[in-house]
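Observations on the three-dimensional arrangement
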Amino acid sequence: MFKNNDLISSGQMAHILILTLIGVGILNLPGDLTEGIGTDGLWALLIGGIFTIGAAALIGYIIKKFPGKSYFEILTTSFTKPIAWIIAFLFILYALMINAFLIRVFGEVVKMFLLIRTPIEIIIFSVLLISAYLSRNGIEALGRLAELLFPIIMIPALILFLLGLIESDLTNLLPTFQATPMELVEVLPTAFFSFAGFEFILVFGTYLKRPDKAPKLMATGVGMVLAIYVIIFITILSIFGTEQLAHLVWPTMSVFKTIDFPGLFIQNVEGLVMVIWVFIVFMSIGPIHLVKTILIGDLLNLKERDFMALPLVPILYIVALIPENIAQTYAFMGSFSKYAIPIFALGVPILILISLGIRKGIGKERGSRA
Amino acid sequence: MLKKSSIILMLIVFLSNFLVGCWDKVEIEDRAYALAIAVDINDEAPDEEDELLLTFAIPNNAAIAGEADEFNILFSSTGTNGYAIMRRLGTRMNNELYLGHLKAVIISDEVARRPKLFREILDAMEKDPLISRKIYIALTEGKARKVLEVESELEPLTPRYIREIFEGDRVTNRAPLLDLNDIFYKLHRNGNSIITRLTPGETDVKAGGGGVIKDFQLTGWLEEEEIRGLMYLRDEITFGGYELDYKNYRVPVEITESKTSYRLIEEDGNISIIVDVTTEGDVRQFYFDPQETLLEHEILEALETMFEEAIEDNIYLAISALQEEHEVDLAGLDKYIHKYHPSIWQKIKDDYEDVFPEIDIVVNVDANIRRIGLTK
Amino acid sequence: MSLWDKLFGNKEEPPIGYNDTTKISKSLDQNLEAIKADLTDCDDIIYREAYVGKKGDYKIALAYIDGMADRDLLNRDVLSNLMVRVRMADPEPKAIKSKIQDFILDNSLAITDMSEVETHEEAMNFLLSGETVLLLEEYDKAIIIATRAWEARGISEPVTEAVIRGPRDGFVETFRFNTVLIRRRIRDPKLKLKIKQVGRRSKTDIAVMYIEDLVNRRALEKIEERLNAVDIDAVLDSGYIEQLTEDNWLSPFPQIQNTERPDTASAALYDGRIVLVVDNTPFVLILPTTFNALLQSAEDYYERWSIATAVRLLRYLAVFICLLAPSLYVAITSFHPHMIPTELALFIAASRQGIPFPAIVEALIMEATIEILREAGVRLPGPIGATIGIVGGLVIGQAAVEAGIVSPLMVITVAITAISSFAIPNYNLAIGFRLLRFGFIFMAAFLGLYGVALLMLLVMVHLCSLKSFGIPYMSPYTNYIDNPNDLKDTFVLFPLPGLRRRSLISFRKNKVRQKDLRPEDFNKEDQS
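Now for a look at the structure at hand. (Residues numbered from 1 in each chain as written. Chains lettered and ligands numbered in written order. Predicted model: local features only at pLDDT ≥ 70, side-chain atom pairs only at ≥ 80, totals over all residues. Heavy atoms only, no water.)

1. Details of the packing of aromatic side chains
The final tally for this structure, using the stated rule, is 33 aromatic pairs over all chains. Seen from their ring centres, phenylalanine 91 of chain A and phenylalanine 344 of chain A are 5.4 Å apart, and the 75° between their planes marks the pair as edge-to-face. Placement of the pair is phenylalanine 91 of chain A in helix 5 (residues 81–113) and phenylalanine 344 of chain A in helix 13 (residues 326–369), with a sequence separation of 253 residues. The exposure classification of phenylalanine 91 of chain A matches that of phenylalanine 344 of chain A, with both residues buried. Arranged with centres 5.4 Å apart and planes meeting at 35°, the rings of tyrosine 336 of chain B and tyrosine 340 of chain B form a pair that is tilted. Of this pair, tyrosine 336 of chain B and tyrosine 340 of chain B both sit in helix 11 (residues 333–340), four residues apart, which is roughly one turn of that helix. We classify tyrosine 340 of chain B as partly exposed; its relative accessible area is 42%. (Phe/Tyr/Trp six-rings, centres within 6.5 Å; stacked < 30°, edge-to-face > 60°. Helix = DSSP H or I, 4+ residues; strand = E, 2+ residues; numbered from the N terminus. Buried < 20%, exposed > 50% of the residue type's maximum accessible area, 1.4 Å probe, protein only.)

Written as structure tokens, this is what we have:
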């Protein structure tokens, strides 16, 4: 067990959820969405977000129905032990891939904007060590960190985006409702993927002080993320316009090159932005690292599992460095997430619910027979 | 036990970083800050491999510290692209060129007339993470290096002088003062834009007029009056003035506010756009001890009519330049049609280049004079 | 047992102290001899043997430490009573013979505070803490007369926590004065005071003070458990207790607050916290504590809230500067010069022209200089210390710039950093930041701004993982959703009528500390 007593409040869990999601999705959010359907990406984002709120509430419902149970225990009661073992193992692999992808992109961005000559290995390794330190300290430290960092990240970020809006042209959001419903449906998976990450909360569910509040907190959390994404989407689109957006690799970062901070000590806000950015992505890397630590501990039935955080570092390090370049990274992740995210964010939870329903049915039958 | 040894391992790994680290560390005084770049064609080999001649304006540290008089140091080299040239310059310079403080890029018309070269340079600027999107980019007739060679008496550091011309200009509207982000935005849309023209003088630089970029290529120039009309069309006027001639009194009017809006009318496939301009202005000068008083309604009305006509003439001047001379829509009417009339846009977007000169543009100006100064 | 000990085979030995559990016997001479034997070569012990009783044949003995016991009291109220009044009484001789002890104890000693002990160890304990031991013939208990009185420093203004407005009394070295200073502020029977002795040889008195119906029970259990576990030869200052009982002793952040101010200690008690008063030190411990509490000053609550809020914001800014200013200087000048305005960048470049060291060496030289100056300023006698600080800072800074060792901006940065670290009200916290600052400088020189951001994350993860006696260290910043009330007293301070509830730390019942004033508008009468 971890050093702390391992219970976090719903507020802290919601913060973990929000920060995990934003870190995964923020990077190429507007670019991906406007590809194909232009300004109507906003509607795709809204529809995808509302759909995700439903999916997240589903996960919250599972947590509520299995209070205090770990993800592995939930899987075991639902599908018997061997299958649970396989699913949990695949889940670890999935988390590993997402984490490695995040770390790689994180390293590339830091290298691009801050440390052009520093080897990416150093950038990746140093952040991994700190993420391992966070994982060692367990869920309580993570929950507190999430709640502490949330205003530290959000307040300056919102101010910066508002500054960006000053010189933007809101008419760039026009025209709307030009895409056919079919085109809209085609973009929906992209919108859904930008909310990937909420499924990891399943693993943290066991540490929730009030599991009965889980559905509500999951829905509010994803709703907050949706609101934040909409603000980002509107700002970026109104600054760049669809045509220019198509050319930018990291539009969210490029926004800040257009912001003027008149009369301040900082000329380019990029420095401040990079610090915030490091915080945001770390708050995705850290929780997913912890997810793996906890799950591996469960799988191997370890009593003390916090030390599992450290052996994961070299594995993550190697996996993150496998793709040869940024293009390959994105291509690989694109094809991977196409299958993995629906399976783990939708498929497994629905199966758990079905099995819950069946067992309930059986239980009722037995009850009525008796 | 495991905890302690793992901490020690982490420490060793971490501390060993310090022994090799600091890849990006370059002390602040060991960098050569390229504050402005002039892009020219290499006259000695205009059509060969090393067609580009870049001139970097670097501030003299000693002069800033007050120990020398020469503020600007210019370094030039030739090559095929900017980065090759920077590497070549590295063989001659003690410090490394650094683009993080770049303020302005001046491109000669010769370069801008070659679309391939021009696009390469623009992309280099967009790709570089150090170059801010807030820098200024300008065209010049003749050699761009000449602009950097100007020694201004107002501001010894020429690149700063150029930047301040762009930033400080609040009294004229004779040049489109666009920054890199605006230009990228326009060029990404349809490859058309207008870029400020800088003309070097003896001890100063003039920003007036602009180069017409059509399909990533410089095709001609718009003169200062045409630029003003264009800015009215684009709803970018916030200042400037006109000189009216009322009964032999020369009356300068200063614009204080202006708003432009469009209406589109489609009849039998013919598109006509009505441009409504609402402007407010102040009378700045009339006549010392005049016979008439400006407080009389008729005089002001007459002045307002003249004001409206002056603006209308100005805008039509710009429209004819765009539609007849250059045949390129720099006014952003395509953007308007796209955003507000997407169905019409779908029909015309593929051959908009041919459609634009045929569009019937009608200008309606409503000008008001609000203030007359301290005397009647 | 740790790896280290396994490798080198160190064996743990239990600590040893004075330990004599033999009972006091009936024979006075034997008892006296035993005490004298334990206290050989202790020449400051005074023994007084006397014969009392009508016939003058009943032997008594007094022992006390010269200077620690009140000699007047002994002479007037003990010896004169025993020797004179016992003789003058005329009781039944037989009865007296058998009950003389009772007679002495009940009828002749005019002392309010008296007790009896049965073992030599206990008697020795009291003797060494300044009480007087009275031995009687044919009596197997030693009588302890409370005569503790020694020269003590008068109550004076606290040095480390001076305020403009607020009480000016501070704790002193005398245990009893300190508890009195707190008691005077809390006239509540619920204020409890439990005395423990810690230290095998020093036997230092420690008072655990708390208000029974407000205190955080878990923290109280924990501190009692940890105090009982402490087994050390001596406790010379509350710093010993602090280090021996805090949750994480590797952390640079203090998890127990210390104060010299009785008002601060009392305020903590009213907030359900526990106060430890340790003998022989003016520094009283407050626990549990939070990061937020360490950045509060007593004065905040005596001033108007708007001013206090402004001051608190300033303090947080000071923390930021104290921690990051030199590292940001290094990161920006050596890695990211495009982040500062061009004019400034060019000026720094020009001013650094000719300086032989990289920015990190420059920063380390200046930081080390200022830290040495500060350390020297503490050791130097009062008035000279301040002068040396200023003169040293100015002269060295100026000279270093002229000598071309550092740039002027570096001097400014270091000076601002040093001043900021003094704006942090808690000295222990400020030291932690000073130490971490060097870590930040190294990280800045290694990975630039990214390194600074990473170390910031590391520090924040550490702060979030810390707990002080069950209370999260960064509370209320880490649980404001569930506890929005506590945010009223953080980097903003609400007006006093708004602070109606106690903080998260106090017992979960009895949270309300103030009646809602809003319904009673003070101006009502004036208006009608």
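2. Topic: the packing of helix 1 (residues 10–25) of chain A against helix 9 (residues 214–245) of chain A
Residue and element names in this part refer to chain A. Where helix 1 contacts helix 9, the axes come no closer than 9 Å and their chain directions differ by 40°. Classified by the angle their axes make, helix 1 and helix 9 are oblique. Where helix 1 crosses over helix 9, the two elements pack in a sense that is right-handed. In this structure, helix 1 uses Ser10, Met13, Ala14, Leu17, Ile18, Leu21, Ile22 and Gly25 to contact helix 9, whose residues at the interface are Leu217, Met218, Gly221, Val222, Met224, Val225, Ile228 and Tyr229. Residue composition of the contact of helix 1 with helix 9, grouped by class: 13 nonpolar, three polar and no charged. (Axes fitted to C-alpha atoms, helices over the stretch in contact; angles between N-to-C directions. Parallel < 35°, antiparallel > 145°, perpendicular 65-115°, else oblique. Left-handed = near helix turned anticlockwise from the far one by under 90°. Contact = heavy atoms within 4.5 Å. Nonpolar A, V, L, I, M, F, W, Y, C, P; charged D, E, K, R; others polar.)

3. Notes on the interface of chain B and chain A
Counting residues at the interface gives 32 residues for chain B and 37 residues for chain A. Carbon and sulfur atoms supply 56% of the area that chain B and chain A bury against each other, a total of about 3100 Å² over both sides. Remark: the boundary between chain B and chain A carries two salt bridges. A salt bridge links glutamate 243 of chain A to arginine 189 of chain B; its shortest N-O distance comes to 3.6 Å. Across the contact surface, chain B and chain A share three residue pairs in polar contact (both at pLDDT 80 or more). Elements with a minimum of two residues in the side of chain B that touches chain A: helix 1 (2–20), helix 8 (180–190) and helix 11 of chain B. A total of seven residues in the side of chain B that touches chain A trace back to one element, the largest contributor, which is helix 1 of chain B. Here the side of chain B that touches chain A is built from residues that sort into 13 nonpolar, eight polar and 11 charged. (Buried area = accessible area lost by both parts, 1.4 Å probe. Salt bridge = Lys/Arg side-chain N within 4 Å of Asp/Glu carboxyl O. Polar contact = N/O pair within 3.5 Å; in protein donor to acceptor, adjacent residues only side chain to side chain.)

4. Some words on a negative patch on the surface
All names here are of chain B. Taken together, the side chains of Asp215, Glu327, Asp350, Asp351, Glu353, Asp354 and Glu358 define an acidic patch exposed on the protein surface. In this fold, aspartate 350 is placed in the loop between helix 12 (342–348) and helix 13 (352–355). Owing to a relative accessible area of 70%, aspartate 350 belongs among the exposed residues under this scheme. (Patch = residues over 30% accessible without salt bridge, like charges linked within 9 Å, V, L, I, M, F, W, Y side chains within 5 Å. Areas by Shrake-Rupley, 256 points an atom, 1.4 Å probe, with all protein chains shown as cover. Lys, Arg positive; Asp, Glu negative; His and termini not counted. Charge placed at Lys NZ, Arg CZ, Asp CG, Glu CD.)

5. With respect to the interface of chain A and chain C
The interface of chain A with chain C comprises 40 residues on the first partner and 33 residues on the second. For the chain A and chain C pair, buried surface summed over both sides reaches about 3100 Å², with 70% attributable to carbon and sulfur atoms. Summed over the shared surface of chain A and chain C, the number is one salt bridge. Residue glutamate 140 of chain A pairs with lysine 467 of chain C through a salt bridge whose shortest N-O separation is 3.4 Å.

6. A word on a nonpolar patch on the surface
All names here are of chain A. The grouping of Trp85, Ile86, Phe89, Leu90, Leu93 and Leu300 at the surface amounts to a nonpolar patch, some 560 Å² of accessible area in total. Topologically, isoleucine 86 is positioned in helix 5. For isoleucine 86, a relative accessible area of 52% puts it in the exposed group.

7. What about unusual backbone geometry?
Residue and element names in this part refer to chain C. A cis amide bond links leucine 287 with the next residue in sequence, proline 288, at an omega value of -10°. One can find proline 288 in the loop between strand 10 (284–287) and helix 10 (291–294). The linkage connecting serine 475 with the following residue, proline 476, adopts the cis geometry, with an omega of 5°. Within the secondary structure layout, proline 476 lies in the loop between strand 12 (471–472) and helix 17 (524–527). Even without glycine at this site, lysine 203 takes up a positive phi of about 50°.

8. Some words on the nonpolar core
Formed by 213 residues in total, the largest nonpolar core has its most connected members in Phe106, Val110, Phe198, Phe204 and Trp277 of chain A together with Tyr450 of chain C. The dominant element in this core, judged by the number of residues it contributes, is helix 16 (residues 427–465) of chain C, at 24 residues. Residues in contact with tryptophan 277 of chain A, not counting those within four places in the same chain, are Ile26, Leu27, Phe106, Val109, Val110 and Met253 of chain A. Residues Leu178, Tyr242, Leu264 and Leu303 of chain B belong to the second largest nonpolar core, which totals 93 residues. (Core = buried A, V, L, I, M, F, W, Y, C linked by side-chain atoms within 4.5 Å.)

9. Structural notes on the pattern of salt bridges
Under the definition given, this model contains 55 salt bridges over all chains. Here arginine 160 of chain B makes a salt bridge to glutamate 155 of chain B, at a shortest N to O gap of 3.4 Å. Across the pair glutamate 49 of chain C and lysine 59 of chain C runs a salt bridge, and its minimum N-O distance is 3.2 Å. Taken together, the residues span a long stretch of sequence, with glutamate 49 of chain C in strand 1 (residues 45–52) and lysine 59 of chain C in strand 2 (residues 58–65) at a distance of 10 residues. Overall, lysine 59 of chain C belongs to the buried group, its relative accessible area being 8%. The network of salt bridges with shared partners includes Lys25, Glu27 and Glu29 of chain B together with Arg352 and Glu362 of chain C.

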